[in-house]
Amino acid sequence: MIRRASWLSLTALLLSTPASAAIEQTKGEFQDKFRQLDEVLPTANSYRTAGREPGHEYWQQKVDYDIDVRLLEERRRIEAQERIRYTNNSPDTLRFLWLQLDQNRFRSDSLAERSAAFADSSRRGPKSKAANGSKPPQISIDELRRQQFMADNEPGYELPSVRDARGALAHTVVGTNLRIDLRTPLKPGESVEFEIEFAFNILEEDAVSARSGYEHFPDDEREGGNDIFLLAQWFPRLHAYTDYEGWTNKEFLGRGEFTLEFGDYTVDITVPEDHIVSSTGVLRNPKDVLTRKQRERLESARKADAPVFIVTAEEALANEREAASGSKTWRFKAEQVRDFAWASSRKFIWDAQGYQQGGSVQPEVMAMSFYPKEGEPLWSNYSTAAVIHTMEVYSRFSFDYPYPVAQSVNGPVGGMEYPMITFNGPRTDLQDDGERTYSLAEKRFLVGVVIHEIGHNYFPMIVNSDERQWTWMDEGLNSFLDAMAGWEWDPEIPWNNQPRDLVDYMKSERQVPIMTQSDSVLRLGPNAYGKPAAALMILRETIMGRELFDFAFREYSRRWMFKRPAPADFFRTMEEASGVDLDWFWRGWFYTTDHVDIGIDRIWKLRLDTKDPDIDYDRRRQEEADKPASVIVERNRTERRTWVEQNPGIRDFYDENDRFTVTNEERNDYQEFLDELEDWERAALARAVEEDKHYYVLEFSNRGGLVMPILLQLSYADGSSERLDIPAEIWRRNARAVKKLIVTDRELTQVLIDPRWETADTDVENNYYPRRIVPSRIEAYKSPDREGMEYRDIMQDIKAELETGDEE
């Protein structure tokens, strides 16, 4: 219910609270949730301006690669040679270079393997009650498979040669890093060239979970089966050297992804002659690797209205049946990319469609998909279409897609991204009647993962943030945009990616701030993907509004396209371009684990004390009459007459005039009060008395610690309602509890906080005033059967015959 306050005088109602009272209210426990981030964010310099735009002396390194690689299919092995040209655009002189050796992460002596705790992942033990000690630890079959694969194989790089034109270069392998000591210091503006010969055994992705590797299909037509090879993190590549950190050579532990330099690539990939290759870059020799018919199909796909099969299902099936003895070399070229990945298999069906993007950057983009028959019909229906849809949506939020191709490849990796190419995992199920079907969840998975991974071409493949240090800068921003694209694809699909879907995580104890380095994050999915995405949705829809947010986000994307932003560059650009101070938001959402839980504790109903006794006393008489009648008095009346009723002769003046009767003395006092008022005071009071508005004081408490706008739905006695948004700045002097005066023409009956669940409020029940009856469900269940060795019916079960499999 809404409480009625004691009567307030005109002065108390209209004058503000003295400053001393406000100070006393928060003395000793004041929390400044609106403290500016200046002491946390780096100081501006000539590389990055105060508004966090690339400065007039901004620089970044450039690394060009020329690679010859051969896939040894039967041995599941890569052998290659790369020639690297490193250009030092920094103002510093470099005496050594650091490269990444990601394959070494899987060596038994790697830091990742030696420091892995039990149950770190699904392959390290079950995610069950065993974790809290209620049951003994268990080892899954998945983990047994992984252990056996690692014991039977030798992962990691072999580096037969590291040299330049003058001979071998001194070098040192440090875990997943390689330091090359230069013959002479590399001065600013100079370049150095060197070669590395390398090889490694390809990991079985399903056994190891490695972001890349091979997948074996033992039941294919070909004797011995066939494989899909996904090759990523496959060549030694330069660490980034930055203006804010120097060498970003933190050890690769498996979770934190990559920080890389832009450059140009020419890569020759030699594979079995019946393989189809998908790769970063543009195919330079289609005549050498594709049939005339396939080249014609590829050309016709450029202007097609729907995907065109370049390699048909029938052609792919024929390749599966044959065992080609020769090889082909596919030659690719890619410009201004930060990485390079590829895929190869004889199982691939290949479809393509030209995306007519328009503009001057890249008017036409070839959207393409590569997948085995195990992905049909899901992949031919949705993969390439999702690629095109992603570019349409993301380009509207950021910039035109600048590369000539965008590809989606099916394989054992659930979802990974590289320039111009992505690996995506969903498949279909083969039924007994030979038909392949899929669930709504699998459809959602395919469309969603293609959107997400293709979206990564924008963040971080082009807006080149440090994934290993600040995972949220690519995963969070990309998750926000893939949600936008998902809703534009089909809002009826349950995407489960709104702020309301983050509530359980936000109130959980097992979390760390978003700004935590990726290898130390406790729950990577909600921390680096869900929470920052929800934060951006709230900024766009609730705090900034779409127009201001979209302008600022595009400005950030434009500023840092093909450059390397840090968190301050995002924070400050969003503020500078929108004109909205968001330091309180960044501090709360990104630097703390506070959550949103704003409750409404009490509502006071106030009414203006007019000082006019004819008005005020009549109101008080009505208030008294509105109170519930006394139970004692009512019951007495049914039993006997009162003394006054039995003796009417004793009635006097007060039996005819109640205590609310107005006297002329009081009327004279009221007139004297009016005469003493200034003209403007008299006019203000007269208007207030005439309007007779309703005054309500709403008391709010911040139970989760995260300051946020207070979004209200006000419902009135006449059946109407309205929305009232109170800015987050209401919390600036007291972050724990605040009051708000609401003045309205209508009688207020209910107040609801965050009626549309926009802010990830973790407890919606304290959002209602008056409180609502909490909805729940009655669940019928059957008690589980007893467990334990002694409860097995061995007498019965021992009668069963042993099944040998011969019956089938």
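**Comments concerning the overall build of the protein**
Then, in step 1: Secondary structure assignment for the protein yields 23 helices and 34 strands.
Then, in step 2: Radius of gyration (C-alpha) of the protein: 36 Å, far over the 28 Å computed for a compact globule of 808 residues.
Then, in step 3: If you line up the protein on its principal axes, its C-alpha atoms span 125 × 85 × 55 Å.
Then, in step 4: Relative to all contacts within the protein whose residues are 6 or more apart in sequence, the contacts with residues 24 or more apart total 74%.
Then, in step 5: With an accessible surface of roughly 40,200 Å², the protein has 48% of that area assigned to carbon and sulfur atoms.
Then, in step 6: Charge centroids of the protein, computed over 105 positive and 145 negative side chains, lie 2 Å from each other.

**Re the packing of helix H14 (residues 546-559) against helix H15 (residues 567-578)**
A packed helix pair is summarised by two numbers, namely the angle formed by the two axes and the spacing between the axes.
Then, in step 1: Across the interface, H14 lies against H15 with an axial gap of 8 Å and an inter-helix angle of 130 degrees. The pairing of H14 with H15 is recorded here as oblique in orientation. In this structure, the crossing between H14 and H15 has a hand that is right-handed. On the side of H14, the interface is formed by Leu-548, Phe-549, Phe-551, Ala-552, Phe-553, Glu-555, Tyr-556 and Arg-559, while H15 contributes Asp-569, Phe-570, Thr-573, Met-574, Glu-576, Ala-577 and Ser-578.
Then, in step 2: Looking at the contact of H14 with H15 residue by residue, the classes come out as nine nonpolar, two polar and four charged.

**Re unusual backbone geometry**
Then, in step 1: Following Phe-459, the chain continues into Pro-460 via a peptide bond in cis, with omega recorded as 15 degrees.
Then, in step 2: Note that Pro-460 resides in the loop between helix H10 (440-455) and helix H11 (472-489).
Then, in step 3: Here the amide bond leading from Tyr-769 into Pro-770 is cis, since omega sits at -5 degrees, within 30 degrees of zero.
Then, in step 4: In this structure, Pro-770 sits in the loop between strand E34 (768-769) and helix H23 (794-797).
Then, in step 5: Backbone geometry places Arg-211, a non-glycine residue, at a positive phi of 75 degrees.
Then, in step 6: Turning to its location among the elements, Arg-211 is positioned in the loop between helix H5 (205-208) and strand E10 (213-217).
Then, in step 7: Relative accessible area serves as the criterion here: at 16%, Arg-211 is assigned to the buried category.
Then, in step 8: Non-glycine residue Gln-336 carries a positive phi angle of around 55 degrees.
Then, in step 9: For Gln-336, the location among the structural elements is in strand E19 (residues 327-337).

**Concerning the environment of Tyr-654**
Then, in step 1: Inspection of the secondary structure assignment puts Tyr-654 in helix H20 (residues 653-656).
Then, in step 2: Taking the relative accessible area as the measure of exposure, Tyr-654 reaches 65% and is therefore exposed.
Then, in step 3: Along the sequence, Tyr-654 and Val-409 sit 245 residues apart, while their C-alpha atoms lie 94 Å from each other.

**So, the nonpolar core**
Then, in step 1: Within the largest apolar cluster, 187 residues are counted, with the highest numbers of intra-cluster contacts made by Trp-234, Trp-342, Phe-423, Phe-570, Phe-585 and Trp-589.
Then, in step 2: With ten residues, helix H9 (residues 378-397) is the largest single contributor of residues to this core.
Then, in step 3: Apart from the residues lying within four places of it in its own chain, the contact partners of Trp-234 are Ile-67, Val-69, Gln-103, Tyr-157, Phe-198, Phe-200, Val-267, Phe-340, Ala-341 and Trp-342.
Then, in step 4: Membership of the second largest hydrophobic core comes to nine residues, among which are Leu-606, Leu-674, Leu-677 and Leu-685.

**Re the pattern of salt bridges**
Pairing is possible between side chains that carry opposite charge, provided their charged atoms lie close to one another.
Then, in step 1: Counting across every chain of the model gives 73 salt bridges.
Then, in step 2: Residues Lys-373 and Glu-320 are paired through a salt bridge, measuring 2.7 Å at the closest nitrogen-oxygen approach. Here Lys-373, found in the loop between strand E22 (364-371) and H9, pairs with Glu-320, found in helix H8 (residues 313-321); they are 53 residues apart in sequence, far enough to count as distant.
Then, in step 3: Taking relative accessible area as the criterion, Glu-320 reaches 1% and is therefore assigned buried.
Then, in step 4: A salt bridge links Arg-621 to Asp-618; the nearest nitrogen and oxygen atoms lie 3.3 Å apart. A residue pair is termed a helical-turn pair when its members lie 3 or 4 positions apart in one helix, as Arg-621 and Asp-618 do in helix H17 (residues 613-626) at three residues.
Then, in step 5: A relative accessible area of 29% means that Arg-621 is categorised as partly exposed.
Then, in step 6: One network of salt bridges, in which partners are shared, links Glu-53, Glu-555, Arg-558, Arg-559 and Glu-576.

**Quick notes on a nonpolar patch on the surface**
Then, in step 1: A contiguous nonpolar surface patch, about 440 Å² in accessible area, is contributed by Phe-118, Ile-139, Ile-141 and Leu-144.
Then, in step 2: Tracing the sequence through the fold places Ile-139 in the loop between helix H3 (111-115) and helix H4 (141-152).
Then, in step 3: On the basis of relative accessibility, which here comes to 54%, the residue Ile-139 falls in the exposed class.

**As for the packing of aromatic side chains**
To describe a pair of aromatic rings, one takes the distance between the centres and the angle between the planes.
Then, in step 1: Overall, the coordinates contain 53 aromatic pairs when judged by the stated rule.
Then, in step 2: One residue, Arg-237, lies across the ring of Phe-235, its end atom 5.9 Å from the ring centre.

**Here we look at the environment of Arg-237**
Then, in step 1: In this fold, Arg-237 is placed in strand E12 (residues 237-238).
Then, in step 2: In sequence terms Arg-237 and Arg-338 are 101 residues apart; their C-alpha atoms lie 9.7 Å from each other.
Then, in step 3: Excluding residues within four positions of it along the chain, Arg-237 makes contact with Tyr-65, Leu-99, Gln-100, Asp-102, Phe-258, Leu-260 and Asp-339.

**Quick word on H9**
Then, in step 1: End to end, H9 covers 28 Å across 20 residues, agreeing with the expected 28 Å (1.5 Å per residue, within 8%).
Then, in step 2: Within H9, 16 of the 20 residues are buried, which leaves it mostly tucked inside the rest of the structure.

**With respect to the pairing of strand E2 (residues 62-72)**
Then, in step 1: Two elements, E2 and strand E3 (residues 77-87), share eleven bridges in a ladder whose sense is antiparallel. Residue pairing in the sheet places Val-63 in a bridge with Tyr-86 of E3.
Then, in step 2: With antiparallel pairing between neighbouring strands as the criterion, E2 and E3 make up a hairpin whose turn holds four residues, including Arg-76 at a positive phi of roughly 50 degrees.

**A word on the confidence of the model for the protein**
Then, in step 1: Mean pLDDT over the protein works out to 91, with 93% of the residues at or above the 70 mark.
Then, in step 2: Predicted confidence is poor over residues 3-27, with pLDDT under 50, and the contacts of this stretch with residues over four places away or in other chains come to 30 contacts.
Then, in step 3: Contacts of residues 120-131 to residues separated by more than four positions or lying in other chains number 27 contacts, the stretch itself having pLDDT below 50.

**Structural notes on a negative patch on the surface**
Then, in step 1: A contiguous patch of negative charge on the surface is contributed by Glu-665, Asp-669, Glu-672, Asp-675 and Glu-676.
Then, in step 2: Topologically, Asp-669 is positioned in helix H21 (residues 664-676).
Then, in step 3: Look at Asp-669 and you get partly exposed, because its relative accessible area is 40%.

**Examining the sheet that holds E22**
Two strands in a sheet stick together by hydrogen bonds in their backbones, pointing the same way (parallel) or opposite ways (antiparallel).
Then, in step 1: If you trace the six strands from one edge of the open sheet to the other, you get E18-E21-E22-E23-E25-E24, paired in mixed fashion. Each end of this open sheet is capped by a strand with a single partner; those strands are strand E18 (308-311) and strand E24 (415-418). Taking the axes of each pair of neighbouring strands and ignoring which way they run, one obtains an average angle of 20 degrees across the sheet.
Then, in step 2: With five bridges connecting them, E22 and strand E23 (residues 405-410) associate as parallel partners. Looking across to E23, one finds that Met-366 is bridged to Val-405.
Then, in step 3: Sheet contacts for H8: E18 and strand E21 (349-356); angle to E18, the most-contacted strand, approximately 20 degrees.
Then, in step 4: Contacts from H9 reach E18, E21, E22, E23 and strand E25 (421-424) within the one sheet, and its direction differs from that of E22 by about 145 degrees.

**Some details on the sheet that holds E3**
Then, in step 1: Spatially, E6-E5-E9-E3-E2-E15-E19-E17 is the arrangement adopted by the eight strands of the open sheet, whose pairing is mixed. Each having just a single partner strand, strand E6 (167-168) and strand E17 (282-283) make up the two edges of the open sheet.

**Here we look at the pairing of E24**
Then, in step 1: Strand direction decides the pairing type here: E24 and E25, joined by four bridges, are antiparallel. Paired with Met-416 across the strands is Phe-423, a residue of E25.
Then, in step 2: Taking the residues between adjacent antiparallel strands as the criterion, E24 and E25 are bridged by two residues, where Met-420 takes a positive phi near 70 degrees.

What counts and what doesn't
- Residues numbered from 1 in each chain as written.
- Predicted model: local features only at pLDDT ≥ 70, side-chain atom pairs only at ≥ 80, totals over all residues.
- Heavy atoms only, no water.
- Helix = DSSP H or I, 4+ residues; strand = E, 2+ residues; numbered from the N terminus.
- Rg over C-alpha atoms; globule rule 2.2 N^0.38 Å.
- Contact = heavy atoms within 4.5 Å.
- Areas by Shrake-Rupley, 256 points an atom, 1.4 Å probe, with all protein chains shown as cover.
- Lys, Arg positive; Asp, Glu negative; His and termini not counted.
- Charge placed at Lys NZ, Arg CZ, Asp CG, Glu CD.
- Axes fitted to C-alpha atoms, helices over the stretch in contact; angles between N-to-C directions.
- Parallel < 35°, antiparallel > 145°, perpendicular 65-115°, else oblique.
- Left-handed = near helix turned anticlockwise from the far one by under 90°.
- Nonpolar A, V, L, I, M, F, W, Y, C, P; charged D, E, K, R; others polar.
- Buried < 20%, exposed > 50% of the residue type's maximum accessible area, 1.4 Å probe, protein only.
- Core = buried A, V, L, I, M, F, W, Y, C linked by side-chain atoms within 4.5 Å.
- Salt bridge = Lys/Arg side-chain N within 4 Å of Asp/Glu carboxyl O.
- Patch = residues over 30% accessible without salt bridge, like charges linked within 9 Å, V, L, I, M, F, W, Y side chains within 5 Å.
- Phe/Tyr/Trp six-rings, centres within 6.5 Å; stacked < 30°, edge-to-face > 60°.
- Lys NZ or Arg CZ within 6 Å of the ring centre and 35° of its normal.
- Expected span 1.5 Å × (residues − 1).
- Pairing = 2+ DSSP bridges.
- pLDDT = per-residue confidence, 0-100.

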